[in-house]
Amino acid sequence: MKTHNLAVTLSMTNPVLIELKNASLGYKDSQQPILSDLNMRISKQRWTSILGRSGCGKTTLLRFLAGLLNDDLDWQGDMKSSLSGQLHQNVAYMAQQDLLMPWLNVMDNVCLSFKFGNLILSEKDKQKAVQLIDQVGLSNQRHHFPNQLSGGMRQRVALARTLMQNKPLVLMDEPFSALDAVTRYQLQNLSATLLQDKTVVLITHDPQEALRLADHIYLMLGSPSQTHSFPVPYGHAPRSLNGEIAELQQKLIEQLERDHVGN
Amino acid sequence: MLEINVLDATTEAHIAKKKKTIHPLLQGLLTACLLFGLWQLIVVVFAFPPFILPSPHAVMMKLILRIDVLLFHTWITTQEIVLGLILGLTMGLFFALQMLLFEPLKRWLLPILIASQAIPVFAIAPILMLWLGYGIASKVVMAALIIFFPVTTCCYDGLRSTPSGYIDLAKTMSASKWQTLRHIRLPAALPALASGIRVAVVVAPIGAVVGEWVGSSAGLGYLMLQANARMMIDEMFAALFILALFSITLYFITDRLLKRAIHWQL
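Described below are features of the structure shown in this document.

Rules of the game
Residues numbered from 1 in each chain as written. Chains lettered and ligands numbered in written order. Predicted model: local features only at pLDDT ≥ 70, side-chain atom pairs only at ≥ 80, totals over all residues. Heavy atoms only, no water. Contact = heavy atoms within 4.5 Å. Buried area = accessible area lost by both parts, 1.4 Å probe. Salt bridge = Lys/Arg side-chain N within 4 Å of Asp/Glu carboxyl O. Helix = DSSP H or I, 4+ residues; strand = E, 2+ residues; numbered from the N terminus. Buried < 20%, exposed > 50% of the residue type's maximum accessible area, 1.4 Å probe, protein only. Phe/Tyr/Trp six-rings, centres within 6.5 Å; stacked < 30°, edge-to-face > 60°. Core = buried A, V, L, I, M, F, W, Y, C linked by side-chain atoms within 4.5 Å. Pairing = 2+ DSSP bridges. Right-handed = clockwise from strand over helix to strand, strands pointing away. Axes fitted to C-alpha atoms, helices over the stretch in contact; angles between N-to-C directions. Parallel < 35°, antiparallel > 145°, perpendicular 65-115°, else oblique. Left-handed = near helix turned anticlockwise from the far one by under 90°.

Looking at the interface of chain A and chain B
Chain A puts 20 residues into the contact, and the matching count from chain B is 18 residues. When chain A packs against chain B, close to 1,900 Å² is buried across both sides, 69% of that on carbon and sulfur atoms. In terms of surface lost to chain B, no three residues of chain A exceed Leu 99, Trp 103 and Phe 116 of chain A, which account for 36% of the buried area on that side. Between chain A and chain B we count one salt bridge in total.

And the structure:
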């Protein structure tokens, strides 16, 4: 158990990017909040993973961070952020669906963010896009359209697009859940490598994924959901599957299962 | 070795056969030939007089002899259809955008939209003649009016049903309302708009010809009416033949262009 504590302390030593304290989140017309007593620290340049049963509000939390919350939802509580400017101007969002525009080719999809705001796509940016497409291993498919690519390739393009935005905070909502096991494994490794210097919040319902990639794990349990910290295995992400991960995975699943029974 | 060759030959023959039956142009020609043959057969067997049902041969002869007159009237009708399409599509797109962007306006525009479809074109045709004259303008408006509803509804539905994920993504990229419309909503609505355009291309000639029937001095509809009054049924059939050929060609050209423009939807 000593190793776990070490890993936890390691992640704690990094400066905190966002800190949520006593926060709660719920529908305006409902007394019962979805999330309450939310306490969470998102460390700079670390992966924070949030796990929970479906409907526990983890996606709602992510959408709050992305500035995508509907008007009928109410947020209360403290939020400290060391980011300059508003939070949602500092995020890049990667969803379960690749959300590639079918009318744009790979290159244009990667450069999508330059069509918005006041951004202008320079030659240097184009070179960067080409380099990113190379890094995700699609240099031969640069001019292909999304319908010519496999699911894994499409999610790679989405990863390159997210990296192209070059935002300090990357929000991921089960980005690999629709992929087959091998493709998922490969993409987890690739994301861990390419998103090394970013702060990542990863929502997942796959305990193994969280244990492979995260520097900090939060479980969302109960109703209304509350956050609980969970120890992470030793070593740098992406971790290979070993006995320790299997053991932790078992514990994680047991906790989540108890939560299922409780509801 | 021999066996393999035989196998190759049969597969090749099989593929060639498959290709031949699939080719759409040949298929269309074959259908046309078959219909003409059937037509000729009916004329011969039942001995219809030419003022009831002329033979395809007589119609073809008329087509060749009167080609200058027919082409002149075709040109008029073509102008009406194309201008009507441009006007109707522009109006439909404009209406759909207004309804999308200004939600309260929708309640005011919707009755106009439904009325445009609910009133039969035949009923307002005389009024349009009265207001816009016997020239080309009234037929253009008629064609535009008849395609206005399908275009507007298709376009509006397409603009409204943009996948919410696309909109979310654009929001996290700090897209403005206009940028989202320009780069996300409009291209995402193209497949829906395309089906509206396909319907419009088929229906617009009806509007133009109805307009010509009600009152005109030129156009294929006018020619058909005149030929009918003079019992020149072969000429009427020739005009009808050109009209059908024109509509079908217009549809296939449009379809081809749309498929090329919306290459991701196949």
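Side note on the environment of Gln 179 of chain B
Secondary-structure assignment places Gln 179 of chain B in helix H9 (residues 177–214). Overall, the relative accessible area of 19% leaves Gln 179 of chain B in the buried class. Apart from the residues within four sequence positions on either side, Gln 179 of chain B is in contact with Lys 115, Phe 116 and Gly 117 of chain A together with Ser 174 and Ile 184 of chain B.

What to know about the packing of aromatic side chains
Both the distance between ring centres and the angle between the ring planes are used here to describe each pair of aromatic rings. Residue and element names in this part refer to chain B. Tallied over the full model, the rule gives nine aromatic pairs over all chains. Taken together, a centroid distance of 5.6 Å and an interplanar angle of 80 degrees make the contact between Tyr 251 and Phe 252 edge-to-face. A residue is classified by how much of its surface remains accessible, and Phe 252, at 53% relative accessible area, is exposed. Taken together, the ring pairs connect Phe 36, Trp 39, Phe 237 and Phe 241 into an aromatic cluster.

Comments concerning the nonpolar core
Formed by 79 residues in total, the largest nonpolar core has its most connected members in Leu 61 and Leu 171 of chain A. Among the elements that take part in this core, H9 of chain B stands out by supplying ten residues, more than any other. Beyond its immediate sequence surroundings of up to four residues, Leu 171 of chain A is in contact with Leu 62, Leu 65, Ala 66, Val 91, Ala 92, Tyr 93, Met 94 and Val 201 of chain A. Met 164, Val 170, Met 172 and Val 200 of chain A belong to the second largest nonpolar core, which has 32 residues in total.

Considerations on unusual backbone geometry
Residue and element names in this part refer to chain B. You will see that Ser 174, though not glycine, has its phi angle at about 50 degrees, which is positive. Position of Ser 174 relative to the elements: it lies in the loop between helix H8 (164–172) and H9. The exposure class of Ser 174 is partly exposed, given its relative accessible area of 38%. In this model, Met 231 sits at a positive phi of 60 degrees, which is unusual for a non-glycine residue. Among the structural elements, Met 231 can be located in the loop between helix H10 (220–229) and helix H11 (233–261).

Considerations on the pairing of strand S6 (residues 169–173) of chain A
Residues and elements named next belong to chain A. Burial within S6 is extensive, with five of its five residues counted as buried. Covered by surrounding structure in S6 are Leu 169, Leu 171 and Asp 173 together with Val 170 and Met 172, the residues of both alternating faces. Sheet analysis places strand S5 (residues 91–94) next to S6, joined by four bridges and oriented parallel. Of the residues in S6, the one forming a bridge with Val 91 is Leu 169. Considered for its hand, the β-α-β crossover made up of S6, helix H6 (residues 181–194) and strand S7 (residues 199–204) is right-handed.

Considering the sheet that holds strand S8 (residues 216–221) of chain A
All names here are of chain A. Read from one edge of the open sheet, six strands run S5-S6-S7-S3-S8-S9, paired in mixed fashion. On the outer flanks of this sheet lie S5 and strand S9 (226–230), each paired with one strand and no other. Taken pair by pair, the neighbouring strands of this sheet meet at an average axis angle of 20 degrees, ignoring direction. Sheet topology note: the S8/S9 ladder contains five bridges and is antiparallel. Counterpart to Tyr 218 in the pairing with S9 is Ser 229.

Describing the packing of helix H6 (residues 121–132) of chain B against H9 of chain B
Residues and elements named next belong to chain B. Viewed as axis vectors pointing N to C, H6 and H9 meet at an angle of 60 degrees, and their least axial separation amounts to 9 Å. Taken as axis vectors, H6 and H9 run oblique relative to one another. Where H6 crosses over H9, the two elements pack in a sense that is right-handed. Note on element contacts: H9 touches H6 through Val 210, Gly 211, Trp 213 and Val 214, opposite Phe 122, Ala 125, Pro 126 and Met 129.

Just distances and angles here, no functional claims.
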